[in-house]
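Listed below are the residues making up each chain.
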Amino acid sequence: MDSSPACVSFIGIVDFTENANWVYCSESVYDLLGFEPHELIGTSSLNLVHPDEFSEVKELHYTTISQDQAAVLAYLRMKHKDPYKGYILCGISRTVCQNVLVGSVSFAAPGPKAMHNASTAQEVKIITPTAKDLEFRRWNDPNPMPPCPIPSSQSADPDRDRDYQREREYRRDRSRAITFDPLPEQSVRTALILDRFSVNCGILYCANDSLLATTTCMGRSFFDFVARRDEELVRSWIDVIKSWGVNERGQPSDGGFGFGKFTVLVNGRDSSVRQPDPVPSRHRRNSFAHAGHAETHPHSLHSHHSHSHSRTRDSHARAHMYSERGAGRTGGRGRGEKERERDDELLVDAIFSAHSDGLMVILRKSSSS
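Residues numbered from 1 in each chain as written. Predicted model: local features only at pLDDT ≥ 70, side-chain atom pairs only at ≥ 80, totals over all residues. Heavy atoms only, no water.

(A) Focus on the pairing of strand β12 (residues 345–355). The buried count for β12 comes to 10 of 11 residues, which makes it a mostly enclosed element. Two strands pair when backbone bridges link them, and strand β9 (residues 257–265) and β12 are joined in this way by 9 bridges, in the antiparallel orientation. For Lys 261, the partnering residue across the bridge sits in β12 and is Asp 349. Pairing analysis gives 8 bridges linking β12 to strand β13 (residues 358–365), with the strands arranged antiparallel. (Buried < 20%, exposed > 50% of the residue type's maximum accessible area, 1.4 Å probe, protein only. Helix = DSSP H or I, 4+ residues; strand = E, 2+ residues; numbered from the N terminus. Pairing = 2+ DSSP bridges.)

Rendered as structure tokens:
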């Protein structure tokens, strides 16, 4: 029987207090750490941290919030409920979302997935010394090799020095950890948890009402809040993220971060009304007549780009524009509808990530138009 930890990830949300109390845990926390979500919610996440790493992890919690970080990764040990399984090396992703810290916890092991996850993160922090092999270095990173030691005239016992240093680390207790009052709100970001196992990606959780009203979006398709012109592109991004979020056993898991920009409809729409599929090329006439009018979408997900829009969609857009003009000539309603649509639109920067229980999307208002 395989006794290795489950190669899964769970979504976790903690508050801004110095105890980093659990606000939300997805069900896969049981597969990874043996706890049911209700056993953890309301308790301190630091209770699961290895005693040797407690002070550093608590300081990391403070630094992540105070520096308003996003899409950062850390490797540390977390306690399994079964004492015989001890502490498990985990990869912890973290993003500040206004008044909570959202992210995921996954089993960490060397391999292509670990390299991919680290390469897509904004920053990687190694807390557990044995996790150094999981660190991803870029060309401009400083040299990780320590300087050559200067020979000493006095003889020293390296084993004794190592034992002494280890003993000092073991003596570090919680009383030496930093303390701080609950931190203030940070940048306006909204975290959405989506159903990764459905085509429409229903919204399962919304962290706040800053960009989308919780009462409006909960239970609805994520694409109800994506501008129609961006829907095809955003669907392709999510397909990529889902393909990244599969472990070596073929199970749904974590898969790093993807970054994109698209337009959100704050009040939503009915995305179930799909446009007809494009006519096959062999049935088209003058298929190149309007090639000069094709658009290249300016948005991208990480290094993936979309360069095509169907002729059907272009025709639909032109027909919609003509109908608006006609309405404007007859009753002046087209301009008002167009203005309302413009008021409903919000250009956002997004961070996408996949996990065993769902997809996470972090949204913030884009600074660029």
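Moving on from the model shown.
(B) Expanded view of unusual backbone geometry. Phi angles above zero are rare outside glycine, and Ala 71 is one such case at about 55 degrees. Relative to the assigned elements, Ala 71 resides in the loop between α3 (54–66) and β3 (72–79). Using a relative accessible area of 0% as the deciding quantity, one classes Ala 71 as buried.

(C) Summary view of the environment of Arg 249. Mapped onto the fold, Arg 249 is located in the loop between α7 (228–244) and β9. Once the C-alpha coordinates of Arg 249 and Cys 7 are considered, the two residues, 242 residues apart in sequence, prove to be 8.0 Å apart.

(D) Highlighting the pattern of salt bridges. This model, assessed by the stated rule, comprises 11 salt bridges. Residues Arg 364 and Asp 349 are paired through a salt bridge, measuring 3.3 Å at the closest nitrogen-oxygen approach. Here the residue Arg 364 occupies a position in strand β13, and Asp 349 occupies one in strand β12, the gap between them amounting to 15 residues. Under the relative-accessibility criterion, Arg 364 is labelled partly exposed at 39%. Three or more residues are tied together by salt bridges with common partners; here these are Glu 231, Arg 235 and Arg 269. (Salt bridge = Lys/Arg side-chain N within 4 Å of Asp/Glu carboxyl O.)

(E) Quick look at α3. Between its terminal C-alpha atoms α3 stretches 18 Å, which fits the 18 Å expected from 13 residues at 1.5 Å a residue. Residues of α3 that are buried: Phe 54, Ser 55, Val 57, Lys 58, Leu 60, His 61, Thr 64 and Ile 65. The inward-facing, buried residues of α3 abut β1 (9–15), β3, β4 (87–97), β5 (100–107) and β6 (123–126). Downstream of α3 by a residue or two, Asp 68 has a phi angle that is positive, lying close to 55 degrees. (Expected span 1.5 Å × (residues − 1). Contact = heavy atoms within 4.5 Å.)

(F) Summary view of the environment of Val 49. In this structure, Val 49 sits in the loop between α2 (37–40) and α3. Its relative accessible area of 4% is what places Val 49 among the buried residues. Those residues in contact with Val 49 that sit more than four places away from it in its chain are Phe 54, Val 57, Arg 77 and Tyr 87.

(G) Spatial organisation of the packing of aromatic side chains. Summed over all chains, the structure comprises 7 aromatic pairs. Between Phe 10 and Trp 22, the aromatic rings sit 6.0 Å apart at their centres with planes inclined by 50 degrees, giving tilted as the arrangement. With Phe 10 in strand β1 and Trp 22 in strand β2 (residues 22–25), this pair connects stretches of sequence that are 12 residues apart. Taking relative accessible area as the criterion, Trp 22 reaches 6% and is therefore assigned buried. (Phe/Tyr/Trp six-rings, centres within 6.5 Å; stacked < 30°, edge-to-face > 60°.)

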